[in-house]
Amino acid sequence: MTQPTLYTLTDVCHTYTAGRQQVHSLNNVTLEIHKGEFLALAGPSGSGKTTLLNVLGLLDSPRSGSVHLQGVDTGAMSQRDQDHVRRTQMGFIFQTLNLIPVLTAFENVEYFLLRLPGSRSNVRKRVMEALDAVGLADQAGQRPMEMSGGQRQRAAVARALVKDPAVVLADEPTASLDHQNGQSVIHLMKRMNQERGVTFIFSTHDAKVLAAADRVIHMEDGRTV
Amino acid sequence: MRLFLMLQMALRHVFRSRRRSVFALLTISIGAVGLFLFMGFNGGLMNQYRANTIRARYGHGELSTKGYRGAAHARPWELWVTDARGVAERLKAIPGVRAVFPRLTFGSMLIHEETMLVAVGEGIDGVAEAAFFDQLNYVAGGDFKDRPDTIVLGKGLALGLGAKVGDTVSIYARNSRSEMNLKEVTVTGIFYTGIPAFDDGAFRCPLAVAQEVVDTRAVERFAVALTNDEGWPAFAQAAALKLPELEAVPFDVLDEVYYKHGVDFLNAQFDIIRFIILLVVFLGIFNLISMAVVERTGEIGILRANGDSRLDVALGQIMEAFTLGLLGGLLGILLGWLLTISVLSTGVPMPPAPGISRSFRILIELTAADAVHVVMLCTLTAVAGCVLPVFRATRMPIAQALRHA
């Protein structure tokens, strides 16, 4: 049975200025993404993967075209509504900087959970469950600088998942990790996708990581190919 | 809850980013110390200047018959106070009055050997005045206290007469009946105020001598010493009720040309110096806080990506800057106070001031009001320093902020 549509992108274009040049980072991208997908964006550097993730995550706005999230046109949303959607329905995993350096793994997860309305009960239990799910229960009191790259990425996964988001957007989540840690993070994301039905959209260069995806969208020069 | 979270995050940044916080607190506290000590020095200097003026000549103020002061009189004795003892007792009964000093100023000629000079004499109660007026600057000898038939001369007058301590001079004065009286007195001291008009033509002698040569039992005016330097307005009000025929004038009006104008001149200079110190402190703190915010642009990107609003982020940063400014200011006050009670406990040595032949020390006088002023200033500067960079960082597209990682 086909899952409901999460995202609908129609003729999305995005440009940015590099020096005196206008760079077309997205060119008429049209696609649909369904709930529960484990979707990979593949392509060389500069192909538009990160820009597409940013547009999907409401971190950047397209120059033209439309992005509908669960049927709602994101371009018509106020800044406040966009903040609310990111806070309640989205989780993010970035390539390197993911965690607030002065907070422990526990506090990094806890802070974003406490920011949700009506989330004050069982906070400790839910944070520990999230950390336990990514294998970081013993590192809960450690700060990012005391953790390995893999542990930091897993803490970011815990932070993204603790609020039960509709979608997790991950930009090259394994790029700064060695093979073993990279595989571990991907397996973790896959497990969360299968167990909790969370939609994962991630970009990667790594062919082995791509193999784990249900669907791969290849990008080149800002277009899906 | 949201504000509590912001505050908790701000405090965690302050207490866990130790290197950055120590650097920030040092910068802010050093600025606060500089400003606080300068304000204390300024206060000490002004207080000493005021105390010197009060204890050199004027007391906290003087009273004379209404209409007497500020005008020349053909028959001044008609406006002198005849019941000197009774008036002095009534003035002493006013709360806050420490002592009352009757005085009598008169025109005369001084004669020493072959030299005769016109001079203005002032008859005073030597014993009572010596106990309070301890700042008159003597270059030779000292007060006559209770020694009868004595005199102290201004430095210029003594030079003109060729008189020195121990010499005998004659006071030649006209009384109210236009008769000339002559009185021989012994020089006990030579004073120097730095005011040529005074030093070149003034002398002091016991009140009894002045009354004898002028042939009166009256006094011209009363100098008043109070227990509290700030007590003049209340005293003047009480004196006006008790003795409505007298006019009370504070020392800063009596010595307007030298004291009041001097204070105004110094204050104007200090305001400029204080402004420059403030500017340096402001720029230091502003730069530091701005850099801290710029360094954290990536972190701001993470917060924004995960749903914190621009206001949430700005509030967090402002709370952090507020905390740093407050702690830095308090630390500066503590350091300033410790310096004041240790290495600066004996004050700052100063060269002789105008009108004074001896060097002196200015005590650093710290006040609670100055401390509050400095802490508020540090806190406001820190907050002001973060507003612009925070505004920029929160207006930046989130994707761009994340690239600062």
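Scoring rules and cut-offs
- Residues numbered from 1 in each chain as written.
- Chains lettered and ligands numbered in written order.
- Predicted model: local features only at pLDDT ≥ 70, side-chain atom pairs only at ≥ 80, totals over all residues.
- Heavy atoms only, no water.
- Helix = DSSP H or I, 4+ residues; strand = E, 2+ residues; numbered from the N terminus.
- Rg over C-alpha atoms; globule rule 2.2 N^0.38 Å.
- Contact = heavy atoms within 4.5 Å.
- Areas by Shrake-Rupley, 256 points an atom, 1.4 Å probe, with all protein chains shown as cover.
- Lys, Arg positive; Asp, Glu negative; His and termini not counted.
- Charge placed at Lys NZ, Arg CZ, Asp CG, Glu CD.
- Buried area = accessible area lost by both parts, 1.4 Å probe.
- Salt bridge = Lys/Arg side-chain N within 4 Å of Asp/Glu carboxyl O.
- Polar contact = N/O pair within 3.5 Å; in protein donor to acceptor, adjacent residues only side chain to side chain.
- Pairing = 2+ DSSP bridges.
- Axes fitted to C-alpha atoms, helices over the stretch in contact; angles between N-to-C directions.
- 1 Å grid on protein atoms, 1.4 Å probe; cavity = no way out; pocket = protein on both sides within 12 Å on 5 of 7 lines; lining within 4 Å.
- Points joined across faces, edges and corners; volume = space filled by probe spheres on them.
- Nonpolar A, V, L, I, M, F, W, Y, C, P; charged D, E, K, R; others polar.
- Disulfide = S-S within 2.5 Å.
- Buried < 20%, exposed > 50% of the residue type's maximum accessible area, 1.4 Å probe, protein only.

Our focus in this paragraph is the overall build of chain B. Per the secondary structure count, chain B includes 14 helices and twelve strands. Its C-alpha atoms give chain B a radius of gyration of 31 Å, clearly above 22 Å, the size a compact globule of 405 residues would have. Here the C-alpha coordinates of chain B stretch approximately 100 × 45 × 30 Å along the principal axes. The contacts of chain B with a sequence gap of at least 6 include a subset with a gap of at least 24, amounting to 78%. As displayed, chain B has an accessible area near 19100 Å², and 62% of this comes from carbon and sulfur atoms. In chain B, the 38 positive side-chain charges and the 37 negative ones have mean positions that sit 13 Å from each other.

Time to look at the overall build of chain A. Per the secondary structure count, chain A includes seven helices and ten strands. For chain A, the C-alpha radius of gyration of 17 Å lies close to 17 Å, the compact-globule estimate for 225 residues. For chain A, contacts bridging at least 24 residues in sequence account for 72% of all contacts bridging at least 6. Accessible surface computed for chain A: about 9800 Å², of which carbon and sulfur atoms make up 45%.

By a frequent convention, interface size equals the accessible area lost on bringing the separate parts together. Across the contact, 25 residues belong to chain B and 27 residues belong to chain A. Approximately 2400 Å² of surface area, both sides summed, lies buried where chain B meets chain A, with 61% of it carried by carbon and sulfur atoms. Ranking the residues of chain B by area buried against chain A places Arg16(B), Ile302(B) and Asn306(B) at the top, with a combined share of 26%. The partner of Arg115(A) in a salt bridge is Asp312(B), and the shortest N-O contact between them spans 2.3 Å. Applying the counting criterion to the chain B and chain A interface returns eleven residue pairs in polar contact (both at pLDDT 80 or more). Secondary structure elements with two or more residues in the side of chain B that touches chain A: helix 1 (2–16), helix 11 (297–305), helix 12 (310–341) and helix 14 (398–402) of chain B.

A few words on the sheet that holds strand 5 (residues 72–73) of chain A. Residues and elements named next belong to chain A. Spatially, the four strands line up as an open sheet ordered 2-1-4-5, and their pairing is antiparallel. The two strands at the open ends of the sheet, each matched to only one other strand, are strand 2 (21–34) and strand 5. Relative to strand 2, strand 1 (residues 5–18) runs antiparallel, the two sharing ten bridges. Pairing of Thr15 across the sheet is with His24, part of strand 2. Seen against the sheet, helix 1 (residues 49–56) touches strand 1, strand 2 and strand 4 (64–69) and runs at an angle of roughly 60° to strand 2.

This next bit is on empty space enclosed by the protein. Residues and elements named next belong to chain B. Within this structure, the stated rule accounts for four cavities of 30 Å³ or more. Empty space within the largest cavity amounts to approximately 110 Å³. Met9, Leu303, Val313, Gly316 and Gln317 are, among the 13 residues lining the largest cavity, the residues nearest its centre. Mapped by element, the contributors of at least two residues to the lining of the largest cavity are helix 1 and helix 12. Looking at which element gives the most residues to the lining of the largest cavity, the answer is helix 12, with five residues. Partitioned by chemical class, the residues of the lining of the largest cavity number six nonpolar, three polar and four charged. Considered as a void within the structure, the second largest cavity measures approximately 90 Å³ in volume. Around the second largest cavity, the lining residues are Ile124, Gly126, Glu129, Ala130, Phe133, Leu136, Tyr138, Asp143, Phe144, Lys145, Val152 and Arg204.

Time to look at the state of the cysteines. All names here are of chain B. The final tally for this structure, using the stated rule, is zero disulfides over all chains. Cys378 takes part in no disulfide bond, and the closest cysteine sulfur to it belongs to Cys386, at a distance of 15 Å. Residue classification places Cys378 among the buried residues on the basis of a relative accessible area of 2%.

On to the sheet that holds strand 8 (residues 199–204) of chain A. The strands that make up a sheet are held in pairs by hydrogen bonds between backbone atoms, and each pair lies either parallel or antiparallel. Residues and elements named next belong to chain A. One open sheet holds the six strands; their spatial order is 6-7-8-3-9-10, and the pairing between them is mixed. Each edge of the open sheet is held by one strand with a lone partner, namely strand 6 (90–93) and strand 10 (223–224). Across four bridges, the pairing between strand 3 (residues 38–42) and strand 9 (residues 215–220) is parallel. Bridging across to strand 9, Leu41 finds its partner in Ile217. Each of strand 3, strand 6, strand 7 (167–171) and strand 8 touches helix 6 (residues 179–196); the most contacted strand, strand 8, lies at about 155° to it.

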